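Given next are the chains, with one letter for each unit.
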Amino acid sequence: FIFRGQGTSTHKLESCFDREFRSLSQDQRRRALERIKQLFLSTARVHKTDMPVDEEEIWALGQHHGVATKMLDWTESRYVAAFFAFASLRARYSTYLEAETAPEKECVAIFALDTSSTMWIEKSGVAVVRPQNIAMNERLRRQRGLFTLNYSDHLTIEDYARSYIRRNKEEIDKPPLFRFDVPVKTARSALRDMQEMRISHAELFPGLDGVALEAMLRKWLE
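Draft legend 1. Molecular detail of helix H4 (residues 78-87). Most of H4 is tucked away, with seven of its ten residues classed as buried. Those residues of H4 not exposed but buried are Val80, Ala81, Ala82, Phe83, Ala85, Phe86 and Ala87. Its side-chain oxygen at 3.2 Å from the backbone nitrogen of Tyr79, Ser77 defines the N-terminal cap of H4.

Draft legend 2. Structural context of the side chain of Ser200. Within the fold, Ser200 resides in the loop between helix H8 (187-196) and helix H9 (201-204). Each residue touching Ser200, except ones within four places of it in the same chain, is listed here: Phe83 and Glu214.

Draft legend 3. Focus on helix H3 (residues 55-63). For H3, a buried count of seven out of nine residues is recorded, marking the element as mostly surrounded by other parts of the structure. Listed in full, the buried residues belonging to H3 are Glu57, Ile58, Trp59, Ala60, Leu61, Gly62 and Gln63. Tucked into the core, H3 has its buried residues touching helix H2 (26-46), strand E2 (71-75) and strand E5 (145-150).

Draft legend 4. Summary view of a nonpolar patch on the surface. Side chains of Phe1, Phe178 and Phe180 sit close together on the surface and give an oily, nonpolar patch of about 310 Å² of accessible area. Tracing the sequence through the fold places Phe1 in the segment before strand E1 (2-6).

About the thresholds
Sequence order as written defines the numbering, with residues in each chain counted from 1. In view of the model being predicted, local features appear only for residues whose pLDDT reaches at least 70, and side-chain atom pairs are presented and counted only at 80 or more, with totals across whole chains, interfaces and linings using the full set of residues. The basis for the side-chain values is all heavy atoms of the structure; hydrogens and waters are excluded. Accessible area is worked out with a 1.4 Å probe on protein chains only. A residue is then buried under 20% of its type maximum, exposed over 50%, and partly exposed in between. Helix and strand definitions here come from DSSP, where helices need a minimum of 4 consecutive H or I residues and strands a minimum of 2 consecutive E residues; each element is numbered from the N-terminal end. Here a polar contact is taken to be a pair of N or O atoms separated by no more than 3.5 Å, where protein atoms must pair a possible hydrogen donor with a possible acceptor and residues adjacent in sequence count only if both atoms sit in side chains. Only heavy atoms matter for contacts: two residues are in contact if any of them lie within 4.5 Å across the pair. Without a salt bridge and with relative accessible area above 30%, a residue can belong to a patch; like charges are then joined within 9 Å and nonpolar side chains (Val, Leu, Ile, Met, Phe, Trp, Tyr) within 5 Å. Shrake-Rupley sampling with a 1.4 Å probe provides the accessible areas, and residues are treated as covered by the protein chains on show and by no other component. The rule for a salt bridge is simple: a side-chain nitrogen of Lys or Arg has to be within 4 Å of a carboxyl oxygen of Asp or Glu.

Okay, here's the thing in structure tokens:
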């Protein structure tokens, strides 16, 4: 299994690209995606920034640096996924006390994807991508990260999964995707536990970016 954490259980598994360009037609989205890749590479060349050659690694690097891609971040660690889900609550609640008093129905989501399923390959529509050369991507290594890449015309992974299962009922013998909803009121105890596991912004993001994020999360938890 691989795992992904999201700050609310109501958000779908939708890439940044599909969310930003969802109003375009399928052909327009394909052209927009290709244009983004060209601009990313040409800008890197102008500024003499080293780039990988493999297309999946180009998208992986862009994904971690703000480029709108059709990738979604996943991790091999359920605890790292849980950390990202709970840490994102700082953007929704001004203090952890607000989260602790939230209604029981307010939940973060932790997804688990069974990589052994035949539906998670490129020719089916959504692939699990494990970049081979992670030397240029320190964040990926620290987060035990990998990606799903949506080649299908569906905007969300859930929509793709429903469509695939309807078309291939005979070969699906177990659920390929799970979602676990965890109440946001458990955020403080969960984050404290993960700090003891050395799962934090400072550990997952190298340099000052991680240090700054960790400082602000610690303030939120006080």
